[in-house]
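# Architecture at a glance
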Amino acid sequence: MEDEEGGNPLRCCLGRSLPYAAIALVSYAPLRRWARETGATPGPYSEVGPVFIHPDECGGWTGSGFPDGIRGRRRVLRAYSAAGGILGGRLLDGGEMTIAEGLAELYRDPRVAAHVRAVEFGCFLAGTRRS
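Cut-offs and rules
- Residues numbered from 1 in each chain as written.
- Predicted model: local features only at pLDDT ≥ 70, side-chain atom pairs only at ≥ 80, totals over all residues.
- Heavy atoms only, no water.
- Salt bridge = Lys/Arg side-chain N within 4 Å of Asp/Glu carboxyl O.
- Helix = DSSP H or I, 4+ residues; strand = E, 2+ residues; numbered from the N terminus.
- Buried < 20%, exposed > 50% of the residue type's maximum accessible area, 1.4 Å probe, protein only.
- Lys, Arg positive; Asp, Glu negative; His and termini not counted.
- Polar contact = N/O pair within 3.5 Å; in protein donor to acceptor, adjacent residues only side chain to side chain.
- Phe/Tyr/Trp six-rings, centres within 6.5 Å; stacked < 30°, edge-to-face > 60°.
- Arc of directions from axis to C-beta.
- Contact = heavy atoms within 4.5 Å.
- Pairing = 2+ DSSP bridges.

## Looking at the pattern of salt bridges
Scanning the model with the defined rule gives six salt bridges in all. One salt bridge connects Arg90 with Glu105, and the closest N-O pair in it is separated by 2.9 Å. Of this pair, Arg90 sits in strand β6 (residues 86-93) while Glu105 sits in helix α2 (residues 99-106), placing them 15 residues apart in sequence. Relative accessible area serves as the criterion here: at 24%, Arg90 is assigned to the partly exposed category. Each member of the salt-bridge network shares a partner with another, and the members are Glu47, Arg78 and Arg117.

Now the structure itself:
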């Protein structure tokens, strides 16, 4: 599809779409990919949801730190165990804590892997790993 307004979060490169750029809306199950890579069994937490991507290979995220495409005023950090169960989470509701600070708090528990999600729609934005 052609994104007339631009600004949609792209999961392939963690950027934002440009006005009139070609993008695709696809179903994605982030815990399934993680489970294949780690041997986790997310069971009922293996949800499927829509994400925007470039229709052609874009090279993915190559930067460091937190890309602007996942920043936002309201975010949820969802913590998962290595087995795929939910351990908890953290609501970031503008200003009290950055994504980096919230992840640092969650990663104090050595069992945690975390996802960053949008609050309004619960959309998956990015998976994070312990460094």
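Having seen it, we continue.
## What to know about the side chain of Asp3
The residue Asp3 is located in strand β1 (residues 2-3) in this model. Lacking a salt bridge, the buried Asp3 has Arg16 as its closest oppositely charged neighbour, with an N-O distance of 9.0 Å. One polar contact links the side chain of Asp3 to the main-chain amide nitrogen of Gly6, over a distance of 3.0 Å. For Asp3, the side chain forms a polar contact with the side chain of Asn8, separated by 2.9 Å.

## Brief notes about the packing of aromatic side chains
This model, assessed by the stated rule, comprises two aromatic pairs. Ring geometry for Trp34 and Tyr80: centres 6.0 Å apart, planes at 55 degrees, overall tilted. Taken together, the residues span a long stretch of sequence, with Trp34 in helix α1 (residues 30-38) and Tyr80 in strand β5 (residues 74-80) at a distance of 46 residues. With respect to burial, Trp34 and Tyr80 carry one shared label: buried.

## Remarks on α2
Along α2, the residues that are buried comprise Ile99, Gly102, Leu103 and Leu106. On an axial view of α2, the arc spanned by its buried residues comes to 95 degrees, and they lie on one face. Taken together, the buried residues of α2 touch β5, β6, β7 (113-118) and β8 (124-128).

## Notes on the pairing of β8
Summarising burial for β8: four of the five residues are buried, a large majority. Here four bridges tie β7 to β8, and the two strands are oriented antiparallel to one another. Looking at β8, one finds that Arg117 is bridged to Phe124. Hairpin connection between β7 and β8: a loop of five residues separates the two successive antiparallel strands, and Gly122 in this loop has a positive phi of roughly 70 degrees.

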